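Close look at the chain arrangement
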Amino acid sequence: MTLRLGYFYPNASSIHAMSPDAIAKTPDLLDFRTHTALVQAAEGAGFDYVFMADGWGSLGKATRAAGYMDPILLSPLLGMHLLAATEKLRCITTIHTTWFHPLLIARMGGALDAMSKGRWGINIVAGSGFADGLDKRQFGTLTQPDRYDRAAETIEILLRAWADGDTNFSGNHFDMEGRLVGPRPVQSPRPLIVSAGASDAGREFAGRYADYVFMPGRTPPDELKKRIADIRRVAVENGRNADDVKLQVHASVVVRRTKAEAKEYSDWIANTVDLEAVAEYLNSVRAGISTYDDIYRSLGELQMRQVGSVAGARKIHGDADEVADHIEKLHREFGCDGVAVSLPVWNPEELRLFAELVMPRLKAKGIWVEPEKHDFSW
């Protein structure tokens, strides 16, 4: 299968590089023109899709002061603008089932998919998006299995509502009946579903429902293969094919025409990282997301600067050949079906540079073709 190339879309001033200096070089987040130019550059570069994370609570004082994930634009709302500004690019938006009622998701998702002619996908997150205090006040202390049980019930309701508007359902978290107004998604039988759970409950959920499983690029290769194998086992046990579940990883990419230029740029980001913000990030992410816990157990300053440069992504910084070779390795040796690329400093010029330097090399390696030259529904 052809490698899917995604752009990890910035719906905050910085979503991975915790450097105030890097943030200062990004465009105005709160301007529709910024996002029109950026998403059209992504489509022009040849990316298959854009992928947006989301969050509901600030990580702390340092991250707020630096602008790291605060403010952050609500993923499905921004997604409508991105889909309206493009013609072929697909868009995956994150939904936290802690906060969104399934009927609201059904209506938003139906509109996003129908109006984009089937280009929308949903990334289901069962947690609270760092808003743990709000979570406790609104929903009590939901355990991780409880959260995934709620997410599973949400999916079951979505499948019914998207099929014909029927919402009759009775479970542990929702009890409803009646019919929901459209529009309905044009994808059949449903839009793409993405999940990122690493816990036992998360893997069970992904095996039952996910088309794409998103994993941090920093996950060790053996652990990566172990987790996706377990998820595919669950898929088969639930009557699906093992290859119905694809593996997507996250990579932070810096590409320049020479190794020296790439190193200088990469070192600048690392040297300007706000270590206090990194500490807040690590405390928050380890407490709330088991996907990342095992890769952040004991870190010195050098390692913290690397985390502050790329967060949970796999670091791919180098010249064009180095970057292309690394992506090929992820596809051929790690078994990755998709790579979501983030750029430490995001702007259209960085996207165009990636397209100019890396994509022709991936094409020559036979692992990627332009989206318009293959027909896939995801």
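**Section: the packing of aromatic side chains**
- As enumerated under the stated definition, the model contains 13 aromatic pairs in all.
- Ring centres of tyrosine 7 and phenylalanine 47 lie 5.8 Å apart, and the angle between their planes is 40 degrees; on these two criteria the pair is classed as tilted. Of this pair, tyrosine 7 sits in strand S1 (residues 4–8) while phenylalanine 47 sits in the loop between helix H2 (32–45) and strand S2 (49–52); the two residues are 40 residues apart in sequence, bridging distant segments of the chain. For the pair formed by tyrosine 7 and phenylalanine 47, the shared burial category is buried.

**Brief notes about empty space enclosed by the protein**
- In the structure shown here, the tally under the stated rule is 3 cavities of 30 Å³ or more.
- There is about 80 Å³ of room inside the largest cavity.
- Ile15, His16, Ser342, Leu343 and Pro344 are, among the 13 residues lining the largest cavity, the residues nearest its centre.
- Of the residues belonging to the lining of the largest cavity, the class tally is 8 nonpolar, 5 polar and no charged.

**Notes on the side chain of serine 252**
- Tracing the backbone through its elements, the reader meets serine 252 in strand S9 (residues 246–256).
- Every residue in contact with serine 252, bar those within four places of it in the chain, is listed here: Ser309, Val310, Ala313, Arg314, Lys315, Ile316, His317, Ser342 and Pro344.

**Comments concerning the packing of H2 against helix H15 (residues 348–357)**
- Packing of H2 against H15 leaves a shortest axis separation of 9 Å and a crossing angle of 5 degrees. As summarised for this structure, H2 and H15 are arranged roughly parallel, according to the angle between their axes. Of the residues in H15, those touching H2 at Ala37, Leu38, Ala41, Ala42 and Ala45 are Pro348, Leu351, Arg352 and Ala355.
- Partitioned by chemical class, the residues of the contact of H2 with H15 number 8 nonpolar, no polar and 1 charged.

**Brief notes about helix H5 (residues 102–115)**
- Between its terminal C-alpha atoms H5 stretches 20 Å, which fits the 20 Å expected from 14 residues at 1.5 Å a residue.
- For H5, the buried fraction is high: 10 of the 14 residues fall into the buried class.
- The set of residues buried in H5 consists of Pro102, Ile105, Ala106, Met108, Gly109, Gly110, Ala111, Leu112, Asp113 and Ala114.
- Remark: lysine 117 follows H5 within two positions and exhibits a positive phi of approximately 60 degrees.

Cut-offs and rules
Residues numbered from 1 in each chain as written. Predicted model: local features only at pLDDT ≥ 70, side-chain atom pairs only at ≥ 80, totals over all residues. Heavy atoms only, no water. Phe/Tyr/Trp six-rings, centres within 6.5 Å; stacked < 30°, edge-to-face > 60°. Helix = DSSP H or I, 4+ residues; strand = E, 2+ residues; numbered from the N terminus. Buried < 20%, exposed > 50% of the residue type's maximum accessible area, 1.4 Å probe, protein only. 1 Å grid on protein atoms, 1.4 Å probe; cavity = no way out; pocket = protein on both sides within 12 Å on 5 of 7 lines; lining within 4 Å. Points joined across faces, edges and corners; volume = space filled by probe spheres on them. Nonpolar A, V, L, I, M, F, W, Y, C, P; charged D, E, K, R; others polar. Contact = heavy atoms within 4.5 Å. Axes fitted to C-alpha atoms, helices over the stretch in contact; angles between N-to-C directions. Parallel < 35°, antiparallel > 145°, perpendicular 65-115°, else oblique. Expected span 1.5 Å × (residues − 1).

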